[in-house]
Amino acid sequence: MLEKDHKIPEDKHSTSNANPNIGQGNEDSDMPSAYKPILLRKVDEYLAWLESRNRAETTIVDYRYTLEKFYYFLRDSKGLECLPERIGKEEVEVFRRKRESEVGQKYYQTQMRQLKGFFRYIKNPAMDDMYLEFSEPPRPNVTWLNEDEIAELIEAIETPLEDLLVHLGLELGLRMIE
């Protein structure tokens, strides 16, 4: 039975309107566990598992956002609650194309990797053989230091800390901004 003061708000998760509360708790994810849709319970289990693996809080929030987006996409497009094991390749592919058109390339890649990890966790093979082909983002022209520039940089070292940072940067190939 629902708690006395618990009201389920009107549906605000249509695919045409972005919900600013996704990933921050909402009417379905704030429900007592017994009343949550099965897919959202699996999302909660997965996020708890990630947390037990010492993933950062921001990572958990980002995963929740992606997985709730997927849940609301399924709910709104199918008009029903989906069982995790019944989600097929077709639903995933439609969601994939939708997200690709809505977000930047790098974030799209991140979301697809998050979704694929969730599918592995729930043992749903819908994404197992799905090759996520990502185009390489254009890389700015990178110019590397030549031998003379490296020697000049090493000669300019004045402190042990500078020595450590310069050699570390040279060995790892770090950019100046890093």
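Caption draft 1: Fine view of the environment of R41. Residue placement: R41 occurs in helix α1 (residues 38-52). Overall, R41 belongs to the partly exposed group, its relative accessible area being 32%. Each C-alpha atom of the pair R41 and P84 lies 9.9 Å from the other, and the pair is 43 residues apart in sequence.

Caption draft 2: Spatial organisation of the nonpolar core. With 28 residues, the main nonpolar core has F70, L74, I87, V92, L115, F118 and F119 as its most contacted residues. Those elements that place two or more of their residues in this core are α1, α2 (57-78), α3 (89-102) and α4 (105-121). Looking at this core, the element that brings in the most residues is α2, giving eight residues. With near-sequence residues (within four places) excluded, V92 lies in contact with F70, I87, F119, A126, M127 and M130.

Caption draft 3: The packing of aromatic side chains, seen in detail. Under the defined criterion, the tally for this structure stands at ten aromatic pairs. For the ring pair W49 and Y121, a centre distance of 5.7 Å and an interplane angle of 40° mean the geometry is tilted. Residue W49 is located in helix α1, and its partner Y121 is located in helix α4; the two are separated by 72 residues in the primary sequence. By relative accessible area, which is 36% here, W49 ends up partly exposed.

Caption draft 4: Local environment of α1. Compared with an ideal rise of 1.5 Å per residue, which puts 15 residues at 21 Å, α1 spans 21 Å between its outermost C-alpha atoms and is within 8% of the ideal. The complete set of buried residues in α1 reads L39, L40, V43, Y46, L47 and L50. Burial along α1 is one-sided: seen end-on, the buried residues are contained in an arc of 115°. Buried-residue contacts for α1 involve α2 and α4.

Caption draft 5: Just the packing of α2 against α3, in detail. Close contact between α2 and α3 brings their axes to 11 Å; oriented N to C, the two are set at 115°. Relative to α3, the element α2 lies roughly perpendicular. Crossing hand, α2 versus α3: right-handed. Listed contacts from α3 to Y65, T66, K69, F70, F73, L74 and K78 of α2 are E91, V92, V94, F95, K98 and R99. Residue classes in the contact of α2 with α3 are distributed as seven nonpolar, one polar and five charged.

Caption draft 6: Focus on the environment of Q111. Note that Q111 resides in helix α4. Sequence separation between Q111 and K69 is 42 residues; the distance between their C-alpha atoms is 9.9 Å. Not counting chain neighbours up to four residues away, the residues in contact with Q111 comprise Y65, T66, R99 and V103.

Caption draft 7: Local environment of a nonpolar patch on the surface. A contiguous nonpolar patch, built from L145, L153, I154 and L170 and spanning about 290 Å² of accessible area, is present on the exposed surface. Within the secondary structure, L145 sits in the loop between α4 and α5 (147-155). Judged by its relative accessible area of 44%, L145 is partly exposed.

Scoring rules and cut-offs
Residues numbered from 1 in each chain as written. Predicted model: local features only at pLDDT ≥ 70, side-chain atom pairs only at ≥ 80, totals over all residues. Heavy atoms only, no water. Helix = DSSP H or I, 4+ residues; strand = E, 2+ residues; numbered from the N terminus. Buried < 20%, exposed > 50% of the residue type's maximum accessible area, 1.4 Å probe, protein only. Core = buried A, V, L, I, M, F, W, Y, C linked by side-chain atoms within 4.5 Å. Contact = heavy atoms within 4.5 Å. Phe/Tyr/Trp six-rings, centres within 6.5 Å; stacked < 30°, edge-to-face > 60°. Expected span 1.5 Å × (residues − 1). Arc of directions from axis to C-beta. Axes fitted to C-alpha atoms, helices over the stretch in contact; angles between N-to-C directions. Parallel < 35°, antiparallel > 145°, perpendicular 65-115°, else oblique. Left-handed = near helix turned anticlockwise from the far one by under 90°. Nonpolar A, V, L, I, M, F, W, Y, C, P; charged D, E, K, R; others polar. Patch = residues over 30% accessible without salt bridge, like charges linked within 9 Å, V, L, I, M, F, W, Y side chains within 5 Å. Areas by Shrake-Rupley, 256 points an atom, 1.4 Å probe, with all protein chains shown as cover. Salt bridge = Lys/Arg side-chain N within 4 Å of Asp/Glu carboxyl O.

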